[in-house]
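Per-entry structural report
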Amino acid sequence: MKSVASPSSQLWVILGLGLAGIYVLTRKLTQAVKEDFGAFIQKLKLLPPPPPAPPKAPHHLTSLNFAISDIFDVEGRVSTFGHPEWEKTHEPASSTSPVVSALVESGATCIGTTVVDEFAYGISGENKHFGTPTNPAVPNRVPGGSSSGAAVAVAANFVDFSLGVDTSGGVRVPAGFCGILGFRPSHGAVSHMGIIPVSSSLDTVGWFAKDPDILRRVGHILLQAPFVMQRNPRQIIIADDCFQHLNVPLDRTSQVVIKATEKLFGKQVLKHINLEDYISSKVPSLKACSIQKSNGVLKSSSLKLLANIMQFLQRHEFDHTHNEWMSIVKPDLHPAVSAQLHEKYEVSEVEIENSKSVRSELRVAVNSLLKDEGVLVIPTVADPPPKLGGKEILSQDYQSRALSLLSIASISGCCQVTIPLGFYDKNPVSVSLIARHGGDRFLLDTLKTMYTVLQEQVDIAAPSKSSKSVVSKEQSAEIAKEKGNQAYKDKQWQKAVGFYTEAIKLCGSNATYYSNRAQAFLELGSYLQAEEDCTKAISFDKKNVKAYFRRGTAREMLGYYKEAIDDFKYALVLEPTNKRAASAAERLRKLFQ
């Protein structure tokens, strides 16, 4: 006769199993968030040349660190291309990618390679072989791909900037999902040499940063564009139809841009457009791409048709380059990538030629719309980042909504920048600005002009909070500052910068936070950033002695000796007993007598 467990003992067994499950889940979650957030494939050091001796100015990117997606050649190593089988079956690179070398020669230090989706093909950022990098903005959601690790490295403050490849959203999507800046340049504006190709007519070398000035400085190196006077946009064009179906209210997206534009440039600069109608009227070859027609009227929207063409071109060009290797090796793939690469696929010459016609017509249409310093405003992505391990990103509807927006710049070859606009419903929000093909420098200048005012409008648009919440926000900023102070004492300069940056985000009008971050930047040798932070601190507090002294120090290191002497002297006016300011001013005075 079998014994029967009592109800109480059954309860204990169930409770024990539940606790064991919680323990296992907790261990998994703890292990999932690695020390480097799972961003890196390999740590390395590509060191810049020694800085020139004063009075020559330092290299343009002196003291900045960066990482590169594991798709760029580095002499002596094999890029994984997001899959271990690729690494096993290819030889080490004989030289380093010219774009990487250009950044190192300009003073930046490359510290490692980062995770990409398998063959840089997906938009989720998930990688079953190397692990999915943890999204610092929302850890339970995907970081976005294909350049997921590069975005996470910047979002988690491991590097000042990073390089990725954007084919169909590889930089723009992770920038939007991780709440940072991401730039996709005009197609062909940056060299593709030393990069594993995904789709030659769509691939671009993009980059991430948190600071618009750093994004712009990197652009000046990579774009090799001639210097021109900074120009303000003559038109800011809002694609109203693209914002209508978002889950985020308009006052947190397009209205933020509208109000910032009115404040900076006036209402006369604003223009509204139905982008789908415009593209339908200006890109006649799209009609041939619609399989379903009814009395000559397209059933698919013009943007969805563009998304289909982008996917078609990407698949066709990827197959043309890598089909032989894929057929021989038969690599194991993530479902999201497998669904695209293993789907039955037939190509006709008519489809290829028509796709090329669409690409040419769309570039003409966008360039015509944005001529004379125009900027188009669209959402970066249609939906918030999906949850880790979820199937949402595999759905046709999700892919279509995302790729429709991403296809505009990818097909036209125009440049696009992703700009974070805070959070809504605990998820990052972003918008994108698009400029004509070749308008890269203008777009980076426009970003720098608009960025601060955009963030101010984000703060205004956020839901009003009780005084208790406001106090809590200020307290949080102080806590972040104190953590920064401790990191500074421990000589963890980069970590200190991260904490001070967090304090500034919480309370952006506190002179001390900027002044303290400047001090950390000085220790890192980031003199331009230090000077900029001190100037900001002085704008909030005209009597901030430390800010004047630190700006003087930064200017001295940059070779701006006259301005440095003026800063030291002003610090002495405010605090006559400041021995360090007196000593510095006297030293420079004697040096340049």
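Predicted, not measured: the structure shown is a model, and the values here were computed from it. (Residues numbered from 1 in each chain as written. Predicted model: local features only at pLDDT ≥ 70, side-chain atom pairs only at ≥ 80, totals over all residues. Heavy atoms only, no water.)

**Considering the pairing of strand 5 (residues 181-184)**
Going residue by residue along strand 5, you find Leu-181 and Phe-183 tucked away on one face and Gly-182 and Arg-184 tucked away on the opposite face as well. As paired strands, strand 5 and strand 6 (residues 204-209) are joined by 3 bridges and run antiparallel to one another. Its bridge partner lying in strand 6, Gly-182 is registered against Phe-208. Bridge count between strand 5 and strand 12 (residues 415-424): 3 bridges; the pairing is antiparallel. Residue Gly-182 lies in a different strand from strand 12, and its bridge partner there is Thr-418. (Buried < 20%, exposed > 50% of the residue type's maximum accessible area, 1.4 Å probe, protein only. Helix = DSSP H or I, 4+ residues; strand = E, 2+ residues; numbered from the N terminus. Pairing = 2+ DSSP bridges.)

**Details of the side chain of Ser-407**
Within the secondary structure layout, Ser-407 lies in helix 13 (residues 396-412). Given a relative accessible area of 0%, Ser-407 falls into the buried group. A distance of 2.8 Å separates a polar side-chain atom of Ser-407 from the backbone oxygen of Ser-404. Excluding residues within four positions of it along the chain, Ser-407 makes contact with Leu-303, Leu-306, Ala-307, Met-310 and Ser-412. (Polar contact = N/O pair within 3.5 Å; in protein donor to acceptor, adjacent residues only side chain to side chain. Contact = heavy atoms within 4.5 Å.)

**Overview of the nonpolar core**
Judged by nonpolar contacts, the single largest core of 118 residues is most densely connected at Phe-72, Phe-161, Leu-163, Trp-207 and Leu-376. Dropping the residues within four chain positions of it, Phe-161 is found in contact with Leu-61, Leu-64, Asn-65, Phe-66, Ala-67, Leu-103, Ala-108, Val-154, Phe-208, Ala-209, Ile-214 and Val-218. (Core = buried A, V, L, I, M, F, W, Y, C linked by side-chain atoms within 4.5 Å.)

**Focus on the packing of helix 8 (residues 254-265) against helix 14 (residues 440-461)**
Packing of helix 8 against helix 14 leaves a shortest axis separation of 9 Å and a crossing angle of 125°. In terms of orientation, helix 8 and helix 14 fall into the oblique class. Of the two possible hands of crossing, helix 8 and helix 14 adopt the one that is right-handed. Along the contact surface, helix 8 presents Val-256, Val-257, Lys-259, Ala-260, Thr-261, Lys-263, Leu-264 and Phe-265, while helix 14 presents Thr-449, Met-450, Val-453, Leu-454, Glu-456, Gln-457, Val-458 and Ala-461. Here the contact of helix 8 with helix 14 is built from residues that sort into 10 nonpolar, 3 polar and 3 charged. (Axes fitted to C-alpha atoms, helices over the stretch in contact; angles between N-to-C directions. Parallel < 35°, antiparallel > 145°, perpendicular 65-115°, else oblique. Left-handed = near helix turned anticlockwise from the far one by under 90°. Nonpolar A, V, L, I, M, F, W, Y, C, P; charged D, E, K, R; others polar.)

**Some thoughts on the packing of helix 10 (residues 302-329) against helix 13**
Direction vectors running N to C along helix 10 and helix 13 enclose 75°, while the axes themselves pass 7 Å from each other. Regarding the angle of helix 10 to helix 13, the classification is roughly perpendicular. Together, Leu-303, Lys-304, Leu-306, Ala-307, Ile-309, Met-310, Gln-311 and Leu-313 of helix 10 and Ser-400, Leu-403, Ser-404, Leu-406, Ser-407, Ile-408, Ser-410 and Ile-411 of helix 13 make up the contact between the two elements.

**Here's the deal with unusual backbone geometry**
Of all residues except glycine, most have a negative phi; of all peptide bonds, most are trans. Between Pro-54 and the following residue, Pro-55, the backbone shows a cis peptide bond with an omega angle of 10°. Note that Pro-55 resides in the loop between strand 1 (40-46) and strand 2 (65-69). The step from Gly-145 to Ser-146 runs through a cis peptide bond, and the omega angle for that step is 15°. Tracing the chain through its elements places Ser-146 in the loop between strand 3 (109-114) and helix 4 (148-155). Its identity as a non-glycine residue notwithstanding, Asn-157 has a phi of 65°, on the positive side. When you line up the elements, Asn-157 lands in the loop between helix 4 and strand 4 (161-166).

**Some points on the side chain of Asp-160**
Within the secondary structure layout, Asp-160 lies in the loop between helix 4 and strand 4. No salt bridge is formed by the buried Asp-160. Its closest oppositely charged neighbour is Arg-217, at 8.2 Å. Here the side chain of Asp-160 touches Asn-65 through a polar contact of 2.8 Å, landing on its backbone nitrogen. In this view, Asp-160 contacts Ser-63, Leu-64, Asn-65, Phe-208, Ala-209, Lys-210, Ile-214 and Gln-494; residues no more than four positions away in its chain are not counted. (Lys, Arg positive; Asp, Glu negative; His and termini not counted. Salt bridge = Lys/Arg side-chain N within 4 Å of Asp/Glu carboxyl O.)

**Concerning the pairing of strand 4**
Extensive coverage of strand 4 is indicated by the burial of 6 of its 6 residues. What you see with strand 4 is no split at all: Phe-161, Leu-163 and Val-165 on one side and Ser-162, Gly-164 and Asp-166 on the other are buried throughout. Sheet analysis places strand 2 next to strand 4, joined by 3 bridges and oriented parallel. Bridging from a neighbouring strand, Ile-68 pairs with Leu-163 of strand 4. Direction of pairing for strand 4 relative to strand 6: antiparallel, over a ladder of 6 bridges. What sits directly across from Val-165, in strand 6, is Val-205.

**A look at the sheet that holds strand 7 (residues 235-239)**
Sheets are built from strands paired through backbone hydrogen bonds, the pairs being either parallel or antiparallel. Pairing is mixed across the open sheet formed by 11 strands, whose spatial order is 1-3-2-4-6-5-12-13-11-7-8. The sheet is open, and its two borders are formed by strand 1 and strand 8 (270-273), each paired with just one other strand. In this sheet, neighbouring strand axes are inclined to one another by 25° on average, regardless of whether the strands run parallel or antiparallel. Alignment of strand 11 (residues 374-379) against strand 13 (residues 427-435), held across 4 bridges, turns out to be antiparallel.

**Some remarks on the packing of aromatic side chains**
Applying the stated criterion across every chain, the model contains 14 aromatic pairs. On the numbers, 4.9 Å between centres and 5° between planes, the contact of Phe-66 with Phe-161 is stacked. With Phe-66 in strand 2 and Phe-161 in strand 4, this pair connects stretches of sequence that are 95 residues apart. For Phe-66, a relative accessible area of 0% corresponds to the buried category. For Phe-161, a relative accessible area of 0% translates into the label buried. Among the aromatic residues, those joined into a ring-pair cluster are Phe-81, Trp-86, Phe-119, Tyr-121, Phe-318 and Trp-325. Over the face of the ring belonging to Phe-40 we find Lys-43, whose NZ or CZ atom lies 4.8 Å from the ring centre. (Phe/Tyr/Trp six-rings, centres within 6.5 Å; stacked < 30°, edge-to-face > 60°. Lys NZ or Arg CZ within 6 Å of the ring centre and 35° of its normal.)

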